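Here is what each chain is made of, one letter per residue.
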Amino acid sequence: MSQGPADQSDRPDIVIVGSGFFGLTIAERCAADLGLKVLVLERRHHLGGNAYSERDPATNVEVHKYGAHLFHTSNERVWEYANRFTTFTDYKHRVFGKYQGQVYSLPMNLGLINQFFGRSHTPDEARALIAEQSSEIATEDASNLEEKAISLIGRPLYEAFIKGYTAKQWQTDPTKLSADIITRLPVRYTFENGWFSDTYEGLPTDGYTAWLQKMADHPNIEVRLETDWFGSDVEAELKGKVPVVYTGPVDEYFGNSEGRLSWRTVDLQESVVETGDFQGTGVVNYNDQDVPYTRIIEFKHFHPEREKTHLPGKSVIVHEYSRFAEEGDEPYYPINTAEDRAKLLKYRDLANQEPMVLFGGRLGTYKYLDMHMAIGSALSMYDNKIRPHFAEGVELKSGGVDA
């Protein structure tokens, strides 16, 4: 590790704040494509942001330390780029939901409809049933989330599979939530129960951390862990002198000057259980409102091909709880109220005025980005802003915060 960029010859060409998928994609492209010297700052003790995973010593099961991460995409460029650093398993994600002591296959499909209503329906019969039940409220008349959901799927399915889960996720009665939160609630009139419908899906064969480390494994990339941008020697010496790609919270960057943006976070309670298989699948949602957690994740099911490497008679499970993020919490999902959007417009104006700083990633743009979306948006930023600046001398226009 160098002692800092005081020596002009040691000065990086670009600084990346944050080592999640967005930041590492920018770093890798700058180093490998342009030959730039890249400095990555990461405030945590590990690389990879929320995609970080590690083996549990009691079971040898790979655990996603910040909740389940499932890779899927229909973006050909993102898929090709990801495959430069990892191969993927053929894992297909399936989710099940527990309601009043029974387990149902999600998302809502013909199997769930038949099981829930206690009789076999043809696809046409199921469509007619849902159409009849959803006619209680016209979609255009819906004034809150509950009414909107009922207008889409009917009251019985809403009360079983949406109402309690949504109330726990948002800590708010669904009648007090905006109808805009849900634009559609898909019902499949087939028995297909794959959670995603993308062209490509799978999990990195050797795990997320191995993938992320390979992205950063370039002689032109220096990674400094447990290093915060704010108040660092790097900020003092390089701010305004070299381009910075900032992927932390945009409101934090500006000292919350326009107010804190609101997020939901999750609390993850990890435990080792004395059984070789706790629930028979990777994810089970708990739809009853009186069950405090939203779902249980059992990580060994994400990599069934590793069964022989897992220690027998034990498994790792995580109970997931959702709540509003408070100061100091890890932000996960932007709440994006009208008040938040008004603040974001102000932060966008500030970002555009910040010399030589680009804002990206989930936290930097106040958008929930799946992994493939983070990679795709990073490649776009590299193509449209960073590469033209370094390769052609195009002026680097700051900003990047969406509103």
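The protein chain is annotated in an unreviewed UniProt entry as UDP-galactopyranose mutase of Nocardioides seonyuensis. In its Cofactor (unreviewed entry) section, the UniProt record describing the protein chain reads: "FAD". The record in UniProt for the protein chain states the following under Function (unreviewed entry): "Catalyzes the interconversion through a 2-keto intermediate of uridine diphosphogalactopyranose (UDP-GalP) into uridine diphosphogalactofuranose (UDP-GalF) which is a key building block for cell wall construction in Mycobacterium tuberculosis."

Caption draft 1: Here's a closer look at the pairing of strand β12 (residues 283-286). Neither face of β12 is open: one carries Val-283 and Asn-285, the other Val-284 and Tyr-286, and all of them are buried. Of the pairings in the sheet, the one linking strand β6 (residues 95-99) to β12 comprises four bridges and is parallel in character. When the sheet's bridge partners are listed, Val-95 is paired in β12 with Val-283. In this structure, β12 lies alongside strand β13 (residues 295-298), joined through three bridges in antiparallel fashion. Pairing of Val-284 across the sheet is with Ile-296, part of β13.

Caption draft 2: Inspection of the packing of helix α1 (residues 21-34) against helix α8 (residues 208-216) at higher detail. Contact pair α1 / α8: the axes reach a minimum separation of 8 Å and the direction vectors enclose 30 degrees. Listed contacts from α8 to Phe-21, Leu-24, Thr-25 and Glu-28 of α1 are Tyr-208, Trp-211, Leu-212, Met-215 and Ala-216. For the contact of α1 with α8, a count of residues per class yields seven nonpolar, one polar and one charged.

Caption draft 3: Spotlight on the domain arrangement of the protein chain. What the domain assignment reports for the protein chain is domain 1 (14-90 + 204-260 + 334-400) and domain 2 (108-181). One C-alpha centre belongs to domain 1, the other to domain 2; they are set 37 Å apart.

Caption draft 4: Layout of the packing of aromatic side chains. Applying the stated criterion to the full structure yields 29 aromatic pairs. Ring centres 5.4 Å apart and planes at 85 degrees place the aromatic pair Phe-88 and Trp-211 in the edge-to-face group. Here Trp-211 lies in helix α8 and Phe-88 lies in the loop between α2 (76-82) and β6, a separation of 123 residues in the sequence. Accessibility expressed as a relative area gives 15% for Phe-88, which makes it buried. Taken together, the aromatic side chains of Phe-21, Phe-71, Trp-79, Phe-88, Tyr-200, Tyr-208 and Trp-211 make up a single cluster linked through ring pairs.

Caption draft 5: Summary view of the confidence of the model for the protein chain. For the protein chain, the mean per-residue pLDDT works out to 94, and 97% of the residues sit at or above 70. Under a pLDDT of 50 for its full length, residues 1-6 has, in the predicted model, twelve contacts with residues more than four places off or in other chains.

Caption draft 6: Looking closely at the sheet that holds strand β10 (residues 244-246). Pairing in this open sheet of five strands is parallel, and the strands run β9-β2-β1-β10-β16 from one edge to the other. The open sheet is flanked by β9 (221-224) and β16 (357-359), the only strands paired with a single partner. Going across the sheet, the axis of each strand differs from the next one's by a mean of 20 degrees, ignoring polarity. As paired elements, β10 and β16 share three bridges and run parallel to each other. Across the sheet, the residue bridging to Val-245 is Leu-358, located in β16.

Caption draft 7: Seen up close, the side chain of Asn-287. Position of Asn-287 relative to the elements: it lies in the loop between β12 and β13. The class of Asn-287 is buried, set by a relative accessible area of 3%. There is a polar contact of 3.1 Å between the side chain of Asn-287 and the backbone oxygen of Phe-161. Once residues lying within four places of it in the same chain are set aside, the contact partners of Asn-287 are Gly-97, Lys-98, Tyr-99, Ala-160, Phe-161, Gly-164, Tyr-165 and Lys-168.

What counts, and at which threshold
Residues numbered from 1 in each chain as written. Predicted model: local features only at pLDDT ≥ 70, side-chain atom pairs only at ≥ 80, totals over all residues. Heavy atoms only, no water. UniProt positions renumbered as here; feature names shortened; annotations may be inferred. Buried < 20%, exposed > 50% of the residue type's maximum accessible area, 1.4 Å probe, protein only. Helix = DSSP H or I, 4+ residues; strand = E, 2+ residues; numbered from the N terminus. Pairing = 2+ DSSP bridges. Axes fitted to C-alpha atoms, helices over the stretch in contact; angles between N-to-C directions. Contact = heavy atoms within 4.5 Å. Nonpolar A, V, L, I, M, F, W, Y, C, P; charged D, E, K, R; others polar. Domains from an automatic or database assignment. Phe/Tyr/Trp six-rings, centres within 6.5 Å; stacked < 30°, edge-to-face > 60°. pLDDT = per-residue confidence, 0-100. Polar contact = N/O pair within 3.5 Å; in protein donor to acceptor, adjacent residues only side chain to side chain.

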